[in-house]
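Close look at the chain arrangement
Residue strings, one per chain:
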Amino acid sequence: MEFLPMQHEWVNIVVKKTERTRPLLRAVKHLADDPRMRRDLEALGFDAARLGSIIYES
């Protein structure tokens, strides 16, 4: 059985940058920048081209 996407979707994650959330943000960014993660997601049919992109930062 294969996963067949019905439409393209994207997810934006919004996190308030504080000293408390900084370790989480660092870990997520590190994971998103890992070429193995991108390869695995693409193997599942996901478009990982913009994975880990920071869209807006204040």
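Just above, that's the structure.
Throughout what follows, the structure given in this document is the object of discussion. (Residues numbered from 1 in each chain as written. Predicted model: local features only at pLDDT ≥ 70, side-chain atom pairs only at ≥ 80, totals over all residues. Heavy atoms only, no water.)

Further remarks concern the overall build of the protein chain. Counting its regular elements, the protein chain contains two helices and zero strands. For 58 residues, the compact-globule formula gives about 10 Å, and the C-alpha radius of gyration of the protein chain, at 14 Å, lies well above that figure. In terms of principal-axis extent, the alpha carbons of the protein chain reach across some 45 × 25 × 20 Å. Burial statistics for the protein chain: of 58 residues in total, 7% are counted as buried. Carbon and sulfur atoms make up 59% of the accessible area of the protein chain, which totals about 6100 Å². With 10 positive and 9 negative side-chain charges, the protein chain shows a spacing of 10 Å between the two charge centroids. (Helix = DSSP H or I, 4+ residues; strand = E, 2+ residues; numbered from the N terminus. Rg over C-alpha atoms; globule rule 2.2 N^0.38 Å. Buried < 20%, exposed > 50% of the residue type's maximum accessible area, 1.4 Å probe, protein only. Areas by Shrake-Rupley, 256 points an atom, 1.4 Å probe, with all protein chains shown as cover. Lys, Arg positive; Asp, Glu negative; His and termini not counted. Charge placed at Lys NZ, Arg CZ, Asp CG, Glu CD.)

Here R38 is to be found in helix 2 (residues 35-43). As a C-alpha pair, R38 and A49 span eleven residues in sequence and 8.0 Å in three-dimensional space. Ignoring sequence-local partners within four residues, the contact set of R38 consists of A32, D33, A48, A49 and L51. (Contact = heavy atoms within 4.5 Å.)

Bringing the pattern of salt bridges into the picture now. Inspection of the entire model under this criterion finds four salt bridges. The salt bridge involving E57 is made with K17; its shortest N-O contact spans 2.5 Å. Taken together, the residues span a long stretch of sequence, with E57 in the segment after helix 2 and K17 in the segment before helix 1 (22-32) at a distance of 40 residues. By relative accessible area, K17 is classed as partly exposed at 38%. With its nearest N and O atoms 3.3 Å apart, the salt bridge here joins D33 to K29. For D33, a relative accessible area of 40% corresponds to the partly exposed category. Accessibility expressed as a relative area gives 31% for K29, which makes it partly exposed. (Salt bridge = Lys/Arg side-chain N within 4 Å of Asp/Glu carboxyl O.)

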